[in-house]
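Residues per chain are reported as follows:
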Amino acid sequence: MPRTRKPAGPTHPARSGHDSARGSARGSARGSTRDFARETVRTVAVLADRASFALMHRYAAFRHESHAGYLRRLERHLRRLSRDGGYTQVALFDPEEYAEFCALRELNPDRAASRARYTGEIATAGPAVRYRGQPLSVLLPELLAVRDRQQLWSQCRELLLGAGSCPGCGTPHAECGVRRAAAGLAAVLEGTGPGVHHLVCTVIGDAGPVSAALHAERDAAGGTALPEPDTMLLSMVLAVALATGRPGGLVLRQAGPGETVLGWATEDGWLRPLAEAEIFAAYCTDPHTGEPLPPESGVAYRTAPSLPPPPPCPGP
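What comes next concerns the included structure. All figures in this text were calculated on a predicted structure; none of them were measured in a lab.

Moving on to the overall build of the protein chain. Secondary structure assignment for the protein chain yields nine helices and 10 strands. Scored against the burial criterion, the 316 residues of the protein chain give a buried share of 35%. In the protein chain, of all internal contacts separated by at least 6 residues, the share reaching a separation of at least 24 is 61%. Total accessible area on the protein chain is roughly 18700 Å²; 54% of this is exposed by carbon and sulfur atoms.

Spelled out as structure tokens, the structure:
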């Protein structure tokens, strides 16, 4: 009897189907892994300056030879994380805080696992900036600025909490200070013309002057563009001066063909306009020695306008 030839195709259809399913599962697993990567938040802590970098050289396992080389390798690592997808942020690594962290938890600070734990538990609670592919030369100044804002905000908050309450109505002085600061800033900006204007508010804190700056841009129709973080911080510093009675002031530099400088001192819970001689003296006197300084070229010092009365106390 002649033999019948088997049809062409896989010898073991069942096994072939199993292999196909297994390959499909592997592809699905890879897809799931990529999805997890895109949904993962990664934090990388950086030694932002040479002083912090030098402190880490007390540990033998920290093998980076130079700060510049360390930053180059870190930047390559950030680019790899960016290619994987997900959310990557850069936080500050504080060597002194790290040493305290390890001592409290009885960790060996000369281990990479300890550094990773510090980053996960402590550094993520501090200032951080999202990594979007920007070079570290751009990211690090932004990160340090975020740190400075957070520190200044905390300092102002502590000063406001110690301001007590209004003897007349019992309202916290901090609440009144915040309300008056918003009204005062709005009144100052209302008197400016179109252009970019620079404001600086300073108050004398426990450890010395505390300052915040703000760029405000007004259009011809009277609209004002204000960066929210800087506006909130300057208002907070002004609130401290108005609520606590500490010496302070607000200075406005108005742009134009020539710059004009105006100023207000904080007195009795409000802003008193400075006369031309007062603002000139403030700008043209060395704050450390009291010696006179030459005036800036192209800058005019003018008497500031009076502001409307402050918002009244809310009462009992």
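A few words on the environment of Val178. Within the secondary structure layout, Val178 lies in helix α7 (residues 173–190). Relative accessible area serves as the criterion here: at 44%, Val178 is assigned to the partly exposed category. Considered as a pair, Val178 and Leu160 are 18 residues apart in the sequence and their alpha carbons are 9.3 Å apart.

Quick look at the sheet that holds strand β2 (residues 87–92) now. A sheet is described by the order of its strands in space; here three strands give the open sequence β1-β2-β3, paired in mixed fashion. The open sheet has two free edges, formed respectively by β1 (41–46) and β3 (128–130), since each of these has just one partner strand. For this sheet, the mean inter-axis angle between neighbouring strands, taken without regard to orientation, is 30°. The strands touched by helix α3 (residues 67–84) are β1 and β2; relative to β1, the strand with the most contacts, the crossing angle is about 175°. The sheet strands contacting helix α6 (residues 136–161) are β1, β2 and β3, and the helix crosses β3 at an angle near 140°.

It is worth spelling out the environment of Leu234 at this point. With respect to the element layout, Leu234 can be found in helix α8 (residues 228–244). When the C-alpha positions of Leu234 and Ser211 are compared, they lie 7.7 Å apart, and in sequence the two are 23 residues distant. Not counting residues within four places of it along the chain, the set of residues in contact with Leu234 comprises Leu185, Leu199, Val200, Cys201, Ala212, Ala213, Leu214 and Leu250.

Tallying each qualifying case throughout the model produces nine salt bridges. The residue Arg272 makes a salt bridge to Glu267 at a minimum N-O spacing of 3.0 Å. Of the residues examined, Arg272 reaches a relative accessible area of 28% and is grouped as partly exposed. We note a salt bridge from Glu278 to Arg272, for which the minimum N-O separation is 3.3 Å. Linked by salt bridges that have partners in common, Arg105, Arg117 and Glu121 make up one network.

So, about the nonpolar core. In terms of nonpolar packing, the biggest core is built from 36 residues, with Val188, Leu199, Leu234, Val237 and Trp264 touching the most fellow members. For this core, the elements supplying multiple residues, two or more each, are α6, α7, β4 (195–205), β5 (208–218), α8, β7 (248–254), β8 (259–267) and β9 (270–273). The element contributing the most residues to this core is α8, with 10 residues. Each residue touching Val188, except ones within four places of it in the same chain, is listed here: Leu199, Leu250, Leu252, Trp264, Leu271 and Leu307. Core analysis: the second largest hydrophobic core is formed by 30 residues, Phe62, Ala91, Phe93 and Val146 among them.

Here the focus is a positive patch on the surface. Residues Arg72, Arg73, Arg76, Arg79, Arg80 and Arg83 make up a contiguous surface patch of positive charge. By the secondary structure assignment, Arg80 is in helix α3. For Arg80, a relative accessible area of 43% translates into the label partly exposed.

Cut-off values and rules
Residues numbered from 1 in each chain as written. Predicted model: local features only at pLDDT ≥ 70, side-chain atom pairs only at ≥ 80, totals over all residues. Heavy atoms only, no water. Helix = DSSP H or I, 4+ residues; strand = E, 2+ residues; numbered from the N terminus. Buried < 20%, exposed > 50% of the residue type's maximum accessible area, 1.4 Å probe, protein only. Contact = heavy atoms within 4.5 Å. Areas by Shrake-Rupley, 256 points an atom, 1.4 Å probe, with all protein chains shown as cover. Pairing = 2+ DSSP bridges. Axes fitted to C-alpha atoms, helices over the stretch in contact; angles between N-to-C directions. Salt bridge = Lys/Arg side-chain N within 4 Å of Asp/Glu carboxyl O. Core = buried A, V, L, I, M, F, W, Y, C linked by side-chain atoms within 4.5 Å. Patch = residues over 30% accessible without salt bridge, like charges linked within 9 Å, V, L, I, M, F, W, Y side chains within 5 Å. Lys, Arg positive; Asp, Glu negative; His and termini not counted. Charge placed at Lys NZ, Arg CZ, Asp CG, Glu CD.

From the geometry alone we can't say anything about function, so treat these as descriptive.
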